[in-house]
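An overview of the molecular structure
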Amino acid sequence: MTPDLAQQRIAELRAQVARDDALYYQQARPEISDFAYDANRRELEDLERQFPQFARPDSPTQRVGDDRVPGFREVAHRQKMLSLDNTYNAEELRAFHARLARLLGTDDLGYTVEPKIDGLAVSLTYEDGRFVRAVTRGQGDRGDDVTANVRTIPSLPPQLAGGDVPRAVEIRGEIYLTAAEFERINAERIAAGEEPYANPRNLAAGTLKLLDPAEVARRKLDLVLYSLGHCEPAIVASQTDLQHRLRAWGLPVVERYWTVRGIEAAWAAVGELDRLRSRFAYGTDGAVIKLDDVAQQREAGATDKAPRWAIAYKFKPDTARTRLRAITIQVGKTGILSPVAELEPVLLAGSTISRATLHNEDEIRRKDIRVGDLVEIEKAGEVIPAVLQSFPAERPAGAPVFDLQAAVGGQCPVCAGRIARVVVAAEEAEGVAWKCQNYDCRAQRAGRLGFFCSRRALAIDGVGGVVAAKLVELGHVQDPPDLYDVALETLATLNLGTAEEPRVFGEKNAAKIVAAREAARALPLEKWLYALSVPDVGETTARELGRRHRTFDELADSPLLRAVLRRAELLAQREREAPASRKNPAKSDEDKARRKELCARLEAEVAVLEAGPLAGVPADLGPAVAASTREFLASGPGLRLRAKLRQLGIEPQGTVARAGVLTGKTLVLTGTLPTLTRESAEQKILAAGGKVSGSVSKKTSYVLAGEAAGSKLDKAQELGVPVLTEAEFLRLLG
Ligand code: IVH
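Residues numbered from 1 in each chain as written. Predicted model: local features only at pLDDT ≥ 70, side-chain atom pairs only at ≥ 80, totals over all residues. Heavy atoms only, no water.

**Regarding the environment of Q239**
Checked against the element boundaries, Q239 lands in helix α8 (residues 239–248). Setting aside residues no more than four positions away along its own chain, Q239 makes contact with T112, E114, Y226, K290, L291, D292, V294 and Q297. Of the polar contacts made by the side chain of Q239, one reaches the backbone oxygen of Y226; its length is 3.0 Å. (Helix = DSSP H or I, 4+ residues; strand = E, 2+ residues; numbered from the N terminus. Contact = heavy atoms within 4.5 Å. Polar contact = N/O pair within 3.5 Å; in protein donor to acceptor, adjacent residues only side chain to side chain.)

Structure follows, in structure tokens:
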């Protein structure tokens, strides 16, 4: 590969891996399988090694995936939480052993082999045997404080058992949901007309990051522990010893692990684990092979990201072969036409699969998939099954190449409206796609309504895909806000089944929707902006815009958006007029001087914009987003939505207008407060726009101190940071 091509591929892979990291760690809704993710990451690592001139410290290969989200206090780990190197291949496992043998000067090494649990990593701190804190891995050195949520886990002992307990210890493990609990919650959601979750790991990750511990408690998370962070005094001699101690302390541990000598015995244990794993309570996506002896572990050491003394061997995702009966076309909320594989039903990874995603037309062509083909499908646990490949050698004669436009007869399969080729960006299937051009298409309306009510938007629980489609089909809703006009009675009697087999939505579910839609009235502009599916406005953009505008009307005529567009114009003009422009070089000295002066003027105007309306505006709020937001708000559908909100008396406010008394302030809590619990004090601070930190520095705005405040209070006094009592704090909040 030439350096030019490598550089391009590295850039692509970095963007892809960073995006998949965010989807997996922060949003708990990955779009590709772990296997596909690992393959991308591996390719990127190899290229960065081969072309070190393109290696960069901010590459996603140089950090562990960050799970931190807003709303939680951040806490530093006393010992960094590392990730694990992984492999899908026995040869690399042997190479891992050979490396250790060289490093430690002996081939006779003891290992443990444990299940690799497919959950999310947490670190529990116990002090003098008492549970004090649970923190997510975060970025390795600091994570989110999820203590209140972890306390709801029934198998978590508040106190370690036995006499042999360290003074302070970080115990690491994995939070998960059992398959049974996953099914129970999904069944409940389906019954209530809500979208089911894709898999137990996503549901567990989403649950741990809920801001309401009561809701977390209802979902019955579970926990398993397997490693140590900081431990004083250091009393553990081996991984096997640790397994015994964890159990003796009364902590939940893995059902099975193996203590073996030599890598061949470890490999045999991996095989045994693979045969047993379907019986474990948690999802197991591999085996973790660890050097048993702690002294040897210490000698082997770690890189920035992972220990050298452990490796994960991951099992390949389950695949199956079946026939592709047909390719049907779904229309999404933005009108994009996506192909879906209709399959001869086949059993795969414990469930019967009859549909799989085909991503887009380009991919179908690239993989040469045709109707009637024998295909291989993959179910990787966390995502919708996907078609991996076809077997053209076994193809029935005369099967034509798939042509989406022909398949839908050149029109939208739902509304028969016009379709057009469009370029789609990140949010959906990337690349070129066909799109239904009719904003009022029934499928688009239903898609928008379902999205409007989704968790990340207005969280009107109860209106999932099925209910949304029904409300649109029966003409109760055209635009999402019409949901406010649907009477309780209408919702309660909604028939989600058929005339022969009616399935009535019910009074209770209907009342839930009414309560949730009323609560949503008070949500800020950023949520409404996101919820109303303004083209190109994702969650991040919505947040940026919502923070910088007070109302929809202000946004519609936003000086900021105008400035973004004006800057793009100025920069384009400067590009054209640059005297050394390759396309249009200066023709004479006179021309050169004139254009130089013009460019300086253009740059000065850009500088004025950047110091004024554009100050602090992130680069990704670019001209494309600005243009499409302005166009949409001034378009027929945009005006219709704004009028409807006005009629309903809904006027979402930007966070600028709602900033609290503690906006921009950082507070540190110490000691026991007379009436407030720590959690409720933290919530009050966050609600008033403030931040909570774990340590006092010059940047701390206030220290909120209670009874028995310790070193943090001393530090505050030393640095001259103002100290508040609870009463003063409450007065400050008004
Ligand atoms: S030990 C310093 N053991 O897998 C070594 N990790 O992909 C730390 N994991 O970050 C990890 N099961 O969250 C270890 N039996 C096990 C595990 C395990 C699952 C997770 C852990 C780690 C990730 C790496």
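**Regarding unusual backbone geometry**
Glycine aside, a negative phi is what most residues show, and trans is what most peptide bonds show. A cis geometry characterises the amide bond from E232 onward to P233, with omega recorded as -5°. Among the structural elements, P233 can be located in the loop between β8 (222–232) and α8. Backbone geometry places D128, a non-glycine residue, at a positive phi of 45°. For D128, a relative accessible area of 54% gives the class exposed. (Buried < 20%, exposed > 50% of the residue type's maximum accessible area, 1.4 Å probe, protein only.)

**Points about the packing of helix α20 (residues 559–577) against helix α22 (residues 623–634)**
Packing of α20 against α22 brings their axes to within 9 Å, and their N-to-C directions diverge by 135°. Put simply, α20 runs oblique to α22. The interaxial crossing formed by α20 with α22 has left-handed handedness. Here α20 contributes L561, R562, V564, L565 and A568 to the contact with α22, which in turn contributes P623, A626, A627, T629 and R630. Classifying every residue of the contact of α20 with α22 by side-chain character gives 7 nonpolar, 1 polar and 2 charged. (Axes fitted to C-alpha atoms, helices over the stretch in contact; angles between N-to-C directions. Parallel < 35°, antiparallel > 145°, perpendicular 65-115°, else oblique. Left-handed = near helix turned anticlockwise from the far one by under 90°. Nonpolar A, V, L, I, M, F, W, Y, C, P; charged D, E, K, R; others polar.)

**A closer look at the sheet that holds strand β3 (residues 110–117)**
Strand order in this open sheet of 5 strands is β2-β11-β10-β3-β9, and the pairing throughout is mixed. Sheet topology places β2 (86–87) and β9 (258–261) at the edges, where each strand pairs with a single neighbour. Contacts from helix α3 (residues 90–104) reach β2, β3, β10 (284–291) and β11 (310–314) within the one sheet, and its direction differs from that of β11 by about 170°. (Pairing = 2+ DSSP bridges.)

**Section: the side chain of N186**
Position of N186 among the secondary structure elements: in helix α5 (residues 179–191). What makes N186 buried here is its relative accessible area of 8%. In this view, N186 contacts P196 and Y197; residues no more than four positions away in its chain are not counted.

**Description of the nonpolar core**
If you look at the biggest cluster of nonpolar residues, it comprises 60 residues, and the most contacted ones within it are L449, F452, I460, V463, L471 and W528. Counting 37 residues, the second-largest nonpolar core is a separate cluster that includes V69, L120, I153 and C231. (Core = buried A, V, L, I, M, F, W, Y, C linked by side-chain atoms within 4.5 Å.)

**Quick look at empty space enclosed by the protein**
Per the stated rule, a full pass over the model turns up 2 cavities of 30 Å³ or more. One number sums up the size of the largest cavity: a volume of about 110 Å³. Every residue along the wall of the largest cavity is listed here: T551, F552, D553, R642, L645, R646, I650, E651 and P652. Elements represented by at least two residues in the lining of the largest cavity include exactly α19 (552–556) and α23 (636–648). Along the lines of polarity and charge, the residues of the lining of the largest cavity split into 4 nonpolar, 1 polar and 4 charged. If you add up the space inside the second largest cavity, you get close to 40 Å³. (1 Å grid on protein atoms, 1.4 Å probe; cavity = no way out; pocket = protein on both sides within 12 Å on 5 of 7 lines; lining within 4 Å. Points joined across faces, edges and corners; volume = space filled by probe spheres on them.)

**Let's talk about the sheet that holds strand β4 (residues 120–127)**
Strand order in this open sheet of 4 strands is β5-β4-β7-β8, and the pairing throughout is antiparallel. Each edge of the sheet is formed by a strand with only one pairing partner; in this case those strands are β5 (130–136) and β8. With direction set aside, neighbouring strand axes in the sheet form an average angle of 25°. Here strand β7 (residues 168–176) runs beside β8; their pairing, made up of 8 bridges, is antiparallel. Pairing of I171 across the sheet is with L228, part of β8. Strand contacts of helix α6 (residues 200–208): β4, β5 and β7, with the helix running at about 45° to β4, the strand carrying the most contacts. Lying over the sheet, α8 contacts β7 and β8, oriented at roughly 120° with respect to β8.

**Thoughts on the site of the ligand**
With respect to spatial proximity, 14 residues lie near the ligand, and among them E114, P115, I117, R137 and K290 are the closest. For the ligand, a nitrogen atom lies 3.0 Å from a polar atom in the backbone of I117. About the coverage of the ligand: the protein hides 88% of its 530 Å² of free accessible area. Contributing elements (two or more residues each) for the shell around the ligand: β3 and β10. Here the shell around the ligand is composed, by residue class, of 8 nonpolar, 1 polar and 5 charged. (Near = heavy atom within 4 Å. Areas by Shrake-Rupley, 256 points an atom, 1.4 Å probe, with all protein chains shown as cover.)

**Side note on the environment of V146**
Mapped onto the secondary structure, V146 falls in the loop between β6 (142–144) and α4 (147–150). Discounting chain neighbours no more than four positions away, the residues touching V146 are F72, V122, A134, V135, T136, L208 and K209.

**Here's the deal with the environment of E526**
With respect to the helices and strands, the residue E526 is situated in helix α17 (residues 525–531). Sequence separation between E526 and I289 is 237 residues, and the spatial gap between their C-alpha atoms is 46 Å. Filtering out sequence-adjacent residues up to four positions away, E526 remains in contact with A542, R543, G546, R547 and T655.

**Section: helix α1 (residues 3–26)**
An ideal rise of 1.5 Å per residue puts 34 Å on 24 residues; α1 measures up with 33 Å between its terminal C-alpha atoms. Within α1, burial applies to A6, I10, L13, R14, V17, D20, D21, L23 and Y24. Packing partners of the buried residues in α1 comprise α2 (34–50) and α6. Of the residues flanking the end of α1, it is A28, one or two places downstream, whose phi is positive at about 55°. (Expected span 1.5 Å × (residues − 1).)

**What to know about the pairing of β5**
Taken across its 7 residues, β5 has 5 buried, putting it largely inside the fold. As paired strands, β4 and β5 are joined by 6 bridges and run antiparallel to one another. Across the sheet, the residue bridging to T125 is R133, located in β5.

**Re the state of the cysteines**
Any covalent bond linking the sulfur atoms of two cysteines counts as a disulfide. Tallied over the full model, the rule gives 0 disulfides. The structure places no disulfide on C412, whose sulfur is separated from the nearest cysteine sulfur, that of C415, by 3.7 Å. Summary of cysteine pairing: C453 is not part of a disulfide, and the nearest cysteine sulfur, belonging to C441, is at 18 Å. (Disulfide = S-S within 2.5 Å.)

**A word on the pattern of salt bridges**
Pairing between side chains becomes possible if they bear opposite charge and their charged atoms approach one another. A full pass over the atoms with the stated rule returns 65 salt bridges. The salt bridge partner of R73 is E682, with a shortest N-O separation of 3.2 Å. With a gap of 609 residues between them, R73 in the loop between α2 and β1 (74–76) and E682 in helix α25 (residues 678–687) connect regions that are remote in the sequence. Since its relative accessible area comes to 11%, R73 is described here as buried. (Salt bridge = Lys/Arg side-chain N within 4 Å of Asp/Glu carboxyl O.)

**What about the pairing of β7?**
With 9 of its 9 residues buried, β7 lies for the most part within the structure. Sheet topology note: the β4/β7 ladder contains 8 bridges and is antiparallel. If you follow L120 over to β7, its bridge partner there is I175.

**Quick look at the packing of α1 against α2**
Two numbers describe how α1 lies on α2: the axes approach to 9 Å, and their chain directions differ by 140°. Judged on the interaxial angle alone, α2 and α1 are oblique. Regarding α1 and α2, the two cross each other, and that crossing is left-handed. Residue-level contacts link A6, R9, I10, L13, R14, Q16, V17, D20, D21 and Y24 of α1 to D34, Y37, N40, R41, E43, L44, L47 and E48 of α2. Residue composition of the contact of α1 with α2, by class: 8 nonpolar, 2 polar and 8 charged.

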